[in-house]
Amino acid sequence: MLRKSNYKISTALMVITFFSAAYTNQVEAQQAFQLKKNKNLQVEDHNDTKGDPSKELFFSGLNRYLDQYGIQLGLNWVTETAGVVSGGKRKGADFTQQIAFSVDVDWEKIIGWKGFSTHAVIMNRSGRNASADYVGDSQIQAQEVYGGGYARLLRMYDFYGEQKLWHDKIDIKMGRLSVGDDYAHSAIACQFMLLTTCGHPRSTQSQQGFSDWPGAVWGGRILYKFTPQAYIQVGAYQSTPWPQGGRTGWDWGTSEATGAFVPVELGYNPNIGKNHLVGHVHVGAGIDSSRFETWSSQVTGSGKKDNRFQFWIQADQMVYRNDPTEDHGLYVIANYGHDAATTSTFKDFYNIGVLDRGFWKSRSYDQFGLMLTYYTVPRGLSRAQQYQINNGMVTGANGIFNGLLNGAPGVQTNSLLFEANYGVAAYRGVMLMPIFEYFHNVAATKSTYKDAVVFGLKTNVTF
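All values reported here derive from a predicted model rather than from experimental measurement. Throughout, a residue's number is its position along its own chain's written sequence, starting from 1. Totals for whole chains, interfaces and linings use all residues, but because this is a predicted model, local features are given only for residues with pLDDT of at least 70 and pairs of side-chain atoms are given and counted only at 80 or more. To get the side-chain values, all heavy atoms of the structure are used, and hydrogens and water are removed first.

**Notes on the packing of aromatic side chains**
Line of reasoning, step 1. Centre distance within 6.5 Å is the pairing criterion for rings of Phe, Tyr and Trp, where only the six-membered ring of Trp is used; planes under 30 degrees apart are then read as stacked, over 60 as edge-to-face, and the remainder as tilted. Within the structure shown, the criterion is met by 21 aromatic pairs.
Line of reasoning, step 2. Ring geometry for Tyr 65 versus Tyr 69: centroids 5.6 Å apart, planes at 65°, classification edge-to-face.
Line of reasoning, step 3. A relative accessible area of 47% means that Tyr 65 is categorised as partly exposed.
Line of reasoning, step 4. When accessible area is computed with a 1.4 Å probe and restricted to protein chains, residues below 20% of their type maximum are described as buried, those above 50% as exposed, and intermediate ones as partly exposed. For Tyr 69, a relative accessible area of 44% translates into the label partly exposed.
Line of reasoning, step 5. Taken together, a centroid distance of 4.6 Å and an interplanar angle of 65° make the contact between Tyr 157 and Trp 213 edge-to-face. Separated by 56 residues along the polypeptide, Tyr 157 in strand β4 (residues 155–165) and Trp 213 in the loop between β5 (170–177) and β6 (217–227) bring together distant segments of the chain. Helix and strand definitions follow DSSP, with helices as H or I runs of at least four residues and strands as E runs of at least two, each counted in order from the N terminus.

**A look at the state of the cysteines**
Line of reasoning, step 1. Cysteine sulfur atoms are paired as a disulfide whenever they come within 2.5 Å of each other. Taken as a whole and assessed by the stated rule, the structure comprises one disulfide.
Line of reasoning, step 2. Covalently, Cys 190 is tied to Cys 198 through a disulfide, its sulfur atoms 1.9 Å apart. The sign of the S-S torsion, about 90°, decides the handedness of the disulfide formed by Cys 190 and Cys 198: right-handed.
Line of reasoning, step 3. Look at Cys 198 and you get buried, because its relative accessible area is 5%.

**Let's talk about the nonpolar core**
One broad rule of soluble globular proteins: the nonpolar side chains tend to lie buried together.
Line of reasoning, step 1. Counting 28 residues, the largest nonpolar core has Val 135, Ile 140, Tyr 375, Phe 439 and Val 442 as the members making the most contacts within it.
Line of reasoning, step 2. A contact between two residues is defined here by any heavy atoms of the two lying within 4.5 Å. When residues no more than four places from it in sequence are discounted, the contact partners of Ile 140 are Ser 131, Leu 194, Leu 195, Thr 196, Arg 202, Phe 346, Tyr 375, Leu 417 and Phe 439.
Line of reasoning, step 3. Residues grouped as a nonpolar core are buried Ala, Val, Leu, Ile, Met, Phe, Trp, Tyr and Cys residues, joined through side-chain atoms within 4.5 Å. With 11 residues, the next largest nonpolar core counts Ile 99, Phe 101, Ile 122 and Val 461 among its residues.

**Notes on the side chain of Asn 460**
Line of reasoning, step 1. Mapping Asn 460 onto the fold places it in strand β19 (residues 450–462).
Line of reasoning, step 2. For Asn 460, the side chain forms a polar contact with the side chain of Asn 76, separated by 2.8 Å.
Line of reasoning, step 3. Ignoring anything within four residues of it in the chain, the contact list for Asn 460 reads Asn 76, Trp 77, Val 78, Gly 429, Val 430 and Met 431. Within 3.5 Å is the distance limit for a polar contact, defined as a pair of N or O atoms, with the added protein rule that one can donate a hydrogen and the other accept it, and that residues adjacent in sequence qualify only through two side-chain atoms.

**A closer look at the pattern of salt bridges**
Line of reasoning, step 1. Any Lys or Arg side-chain nitrogen located within 4 Å of an Asp or Glu carboxyl oxygen qualifies as a salt bridge. Summed over the entire model, instances satisfying the criterion amount to 11 salt bridges.
Line of reasoning, step 2. Note that Lys 173 and Asp 182 form a salt bridge whose closest N and O atoms lie 2.9 Å from each other.
Line of reasoning, step 3. Put simply, Asp 348 and Lys 347 hold a salt bridge, and the shortest N to O gap is 3.0 Å.
Line of reasoning, step 4. You can call Lys 347 partly exposed: its relative accessible area is 29%.
Line of reasoning, step 5. Through salt bridges that share partners, Asp 171, Lys 173, Asp 182 and Arg 221 make up one connected network.

Here's what the structure looks like:
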């Protein structure tokens, strides 16, 4: 259901934040592609950016002026509307949005502190969750912006310092940040609206240790580039239950911490051939020192506990270049994640898809994407849910239950999801994206809801 309050909040915030600090979209910054130039292919960053949705709508001139003082501002507004037209829990549509702004400060330009910068992000999120209201899926949001909830007028996210050393071969971050800022991050994942891929495979961020936008914790990481295209990074982060940082993000205490999450990742950014076919490959793993009740223990009361461990393999690769513009080409995307079966929500998680930018010469900034996702849940979780049903521990009717572990409507096994979208470059800084989504085995159950067909619209405005 579309709520008037959502629009009132968004309108008020747009007026307030338009003349204040803005959000230099960190996800987009991490998505910048580094291409070399040679006589065979002159990679271009077009001066005429009227139709480029990745450029700033208004703030480019201001930021060019502020850059001499070491300050960069930005503002980003994302809206996502999703509606079930067939299957699922019931028909209907929901709207959700995110307005985020930040200030990035280069202290080398201000006081001569070489390689040091600070970053701060604050945001507003509001709206409704179409997956909960209409799809009936407890795990996968049809609108990725709603992931994590945090419906607050203003929520503090990042506030950290960054130090680069040895000609940028070493990069250190410390402060209030999330694991997802740097780990298991796909450069093009957020060109989709399903939470299966934006901005990480859903399995990686489903547990408390792998904190992610918009939940920040105390932590830090050190990255070392042993070649211009290859790196290794290791970090340590506070592991704390949701909501990380409290409902407003200003709870910076450590009393809720249950342990530490330690990730490590190897990365390689290929640049293949004379056409500079760029890509990203990440292989990583993380372990949470916290002790969690196993699925079986949660229903039998045995008291058994275990740690959480996960690993991931991600790759996106341009296989054909459409034109000389930096990121215009056909990309193939493939991800795999595995989580510890005794305590995790997901067991195995797969993404495969394509993204094509610049395929249409007369509309060179348009794009289209296709993404297929398949995942399984641990057998221990399925057995524990069946145990609850067999022993009368839950209520329900017509095969749909209340009170099952994982918030599921029935015994969970596996699910298949699909998304197709078309990004219309409406103007500089403005992208409109009609979207089709399909949920097979809704919420990874086989006998609860019929497969859901969802249509939606995502808008992204970079001011």
